[in-house]
Amino acid sequence: MFRLVCINCGAEYNQNEVIYRCGKCGHLLAVEYDFDTIDVSRREWDSRPLKLWRYKELLPVSREPVTLQEGGTPLYHLKTIGEELGLKELYAKHEGMNPSGSFKDRGMTVGVSMALQLGMKTVACASTGNTSASLAQYAAKAGIPSVVLLPAGKVALGKVAQALMHGAKVIAIRGNFDRALEMVHDLCIKEGLYLLNSVNPYRLEGQKTIGFEAIDQLGGVPDRMVLPVGNAGNISAVHKGLGELIKLGFIDSMPMMTGVQAEGSRPVADAISKKLPEVIPDKNPETIATAIRIGAPVNAEKALRAIRETNGTALSVTDEEILAMQRDLARKEGVGVEPASAASVAGIKKMAEEGLLDKDERIVCVVTGHLLKDPETVIRQCEPPTEIDADLESLLSVLR
Ligand SMILES: Cc1ncc(COP(=O)(O)O)c(C=O)c1O
Ligand SMILES: N[C@@H](CCOP(=O)(O)O)C(=O)O
């Protein structure tokens with residue numbers, strides 16, 4: 001049993017309503033469960049395969065889910081990078097290992113299932129790339145059409161390829177992501193499409209399972225969870241989910257929620273460092289990490305609460321720091337991620353170097369998307385292949 005509740009005024013909405021914001025005050029909504037009716041134990045969850053739907057009692061879907069077997073992503077111990085930073089327990093949860101190559105699949109399995117549950121016929125989103133790739137793939141699985149709006153020229157190649165190949169109607173707008181989100185929101189309200197950006201509270205329900213899995217894999221609650229922040233849905237979702245585990249008595253502490261943004265796109269980091277009550281949108285966000293090139297994070301209110309309530313923090317890193325960490329993860333750990341994903345570990349490096357971490361902290365960085373999402377940024381950083389004549393002598397001469 002659950003209902004939708006406004007995070008600001010507490011107004012309640014029925015689970016059958018298609019609604020994205022509070023009709024009374026315009027703030028965000030969240031799914032609230034009736035915990036007295038939730039009947040599950042840790043042991044029961046542990047007996048199921050490590051996949052997202054292991055946690056079905058804390059998800060809103062009552063029909064057969066639209067699933068591509070998302071979740072169960074690896075938790076890697078970053079031994080080499082950790083040692084360099086003096087951190088014994090530094091981990092990366094590799095969300096790039098989901099079906100479409102990013103954490104968005106956790107949101108989409110739940111969001112697209114809810115679209116069907118609510119009788120919606122077409123799904124839509126604005127995207128810096130990964131949301132569109134995932135939406136297109138899950139809509140294809142569900143057998144319904146999808147429409148995606150992208151900021152023209154600012155989406156990594158692999159993500160556009162995915163949205164196109166999975167059959168979405170792909171529209172590139174001459175404007176940034178924030179404008180695309182406003183447009184798709186208006187389109188959905190006017191034309192009755194189902195909006196599956198992170199303003200949709202059901203989508204975030206799926207994403208909260210990143211935190212559940214991290215705890216199950218670690219065998220306990222980490223001291224800190226670090227996430228790259230763009231539209232700020234993921235950090236909010238993980239925080240919400242862990243709060244629910246506390247209510248169920250499954251855990252008894254929260255990690256310090258830590259958000260990392262790119263220097264050229266850092267409204268949440270600014271709000272935290274300047275102790276502002278809300279974020280001031282950045283009208284011209286810019287970063288090589290196009291996934292987090294977002295100036296007006298729609299979930300800012302939830303994210304600021306998550307960070308402040310857990311004594312966490314938010315900071316920014318430069319594009320150079322992001323790319324250097326993308327290379328370090330690839331070459332020192334064998335972990336291939338896209339630039340935005342490397343931001344979380346780059347943020348921890350910066351905090352460690354500035355003496356802002358207790359060296360005994362157990363830290364889980366969420367690395368959000370796969371290296372192959374953005375092949376152009378990868379190729380630009382690497383030496384091109386050495387081309388030789390097809391004989392052994394030439395081969396030996398270049399290897400010497
Ligand atoms: C790869 C990647 N990392 C991080 C983010 C940021 O997540 P959020 O928008 O939930 O803050 C996004 C999308 O925004 C993304 O695609
Ligand atoms: N990085 C995101 C931006 C949109 O965020 P959402 O969580 O609101 O869908 C993307 O991949 O498009």
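Procedures and definitions
Residues numbered from 1 in each chain as written. Chains lettered and ligands numbered in written order. Predicted model: local features only at pLDDT ≥ 70, side-chain atom pairs only at ≥ 80, totals over all residues. Heavy atoms only, no water. UniProt positions renumbered as here; feature names shortened; annotations may be inferred. Salt bridge = Lys/Arg side-chain N within 4 Å of Asp/Glu carboxyl O. Helix = DSSP H or I, 4+ residues; strand = E, 2+ residues; numbered from the N terminus. Axes fitted to C-alpha atoms, helices over the stretch in contact; angles between N-to-C directions. Parallel < 35°, antiparallel > 145°, perpendicular 65-115°, else oblique. Left-handed = near helix turned anticlockwise from the far one by under 90°. Contact = heavy atoms within 4.5 Å. Nonpolar A, V, L, I, M, F, W, Y, C, P; charged D, E, K, R; others polar. Near = heavy atom within 4 Å. Polar contact = N/O pair within 3.5 Å; in protein donor to acceptor, adjacent residues only side chain to side chain. Areas by Shrake-Rupley, 256 points an atom, 1.4 Å probe, with all protein chains shown as cover. Core = buried A, V, L, I, M, F, W, Y, C linked by side-chain atoms within 4.5 Å. Buried < 20%, exposed > 50% of the residue type's maximum accessible area, 1.4 Å probe, protein only. Pairing = 2+ DSSP bridges.

If you check an unreviewed UniProt entry, the protein chain appears there as Threonine synthase from Methanolacinia petrolearia. For the protein chain, the Function (unreviewed entry) comment in UniProt is given as "Catalyzes the gamma-elimination of phosphate from L-phosphohomoserine and the beta-addition of water to produce L-threonine." Turning to the protein chain, the UniProt annotation filed under Pathway (unreviewed entry) states: "Amino-acid biosynthesis; L-threonine biosynthesis; L-threonine from L-aspartate: step 5/5."

### Remarks on the pattern of salt bridges
In total, this model carries 28 salt bridges according to the counting rule given. Here Asp46 and Arg54 are joined by a salt bridge, their closest N and O atoms 3.9 Å apart. With a shortest N-O distance of 3.5 Å, Lys332 and Asp328 are connected by a salt bridge. Here the residue Lys332 and the residue Asp328 both occupy positions in helix α12 (residues 319–332), the gap between them amounting to 4 residues, near one helical turn.

### Notes on the packing of helix α4 (residues 130–142) against helix α5 (residues 157–165)
Close contact between α4 and α5 brings their axes to 8 Å; oriented N to C, the two are set at 25 degrees. With respect to their mutual orientation, α4 and α5 come out roughly parallel. Between α4 and α5 lies a crossing whose hand is left-handed. Here Asn130, Ser132, Ala133, Ala136 and Gln137 of α4 come into contact with α5, specifically with Lys159, Gln162 and Ala163. Along the lines of polarity and charge, the residues of the contact of α4 with α5 split into 3 nonpolar, 4 polar and 1 charged.

### Quick word on the environment of Val31
You can see Val31 is positioned in strand β3 (residues 29–33). C-alpha separation for the pair Val31 and Gly259, spaced 228 residues apart in sequence, amounts to 23 Å.

### Regarding the site of ligand 2
As a structural note, the neighbourhood of ligand 2 is formed by 13 residues, with Ser127, Thr128, Thr131, Ser198 and Arg203 the closest of them. One of the backbone N or O atoms of Asn130 is found 3.0 Å from an oxygen atom in ligand 2. The contact in question runs from an oxygen atom of ligand 2 to an N or O atom on the side chain of Asn231, over 2.8 Å. For ligand 2, the accessible surface in isolation is 340 Å², of which the surrounding protein chains cover 95%. Classifying every residue of the shell around ligand 2 by side-chain character gives 3 nonpolar, 8 polar and 2 charged.

### Points about the site of ligand 1
If you check the shell around ligand 1, you find 15 residues, and the closest are Gly230, Asn231, Ala232, Asn234 and Thr368. Between ligand 1 and the protein, one listed contact pairs an oxygen atom with a backbone N or O atom of Asn234 at 2.8 Å. Contact with the protein chains removes 98% of the 380 Å² of surface that ligand 1 exposes when unbound. For the shell around ligand 1, the per-class residue count stands at 7 nonpolar, 6 polar and 2 charged.

### Some words on the nonpolar core
Membership of the largest hydrophobic core comes to 94 residues, with the highest contact counts inside it found for Tyr194, Tyr202, Met225 and Leu245. Each residue touching Met225, except ones within four places of it in the same chain, is listed here: Gly211, Ala214, Val238, Leu242, Pro255, Met256, Met257, Thr258, Val364 and Val366. Grouped together as the second largest cluster of nonpolar side chains are 31 residues, Ile292, Val345, Met351 and Ala352 included.

### Quick look at the pairing of strand β6 (residues 123–126)
Residues of β6 alternate between two faces, with Val123 and Cys125 on one and Ala124 and Ala126 on the opposite face, all of them buried. Here β6 pairs with strand β7 (residues 146–151) via 4 bridges, running parallel. In the strand pairing of β7, Cys125 is matched with Val148. Sheet topology places β6 next to strand β9 (residues 194–195); 2 bridges connect them, and they run parallel. Looking at β9, one finds that Ala124 is bridged to Leu195.

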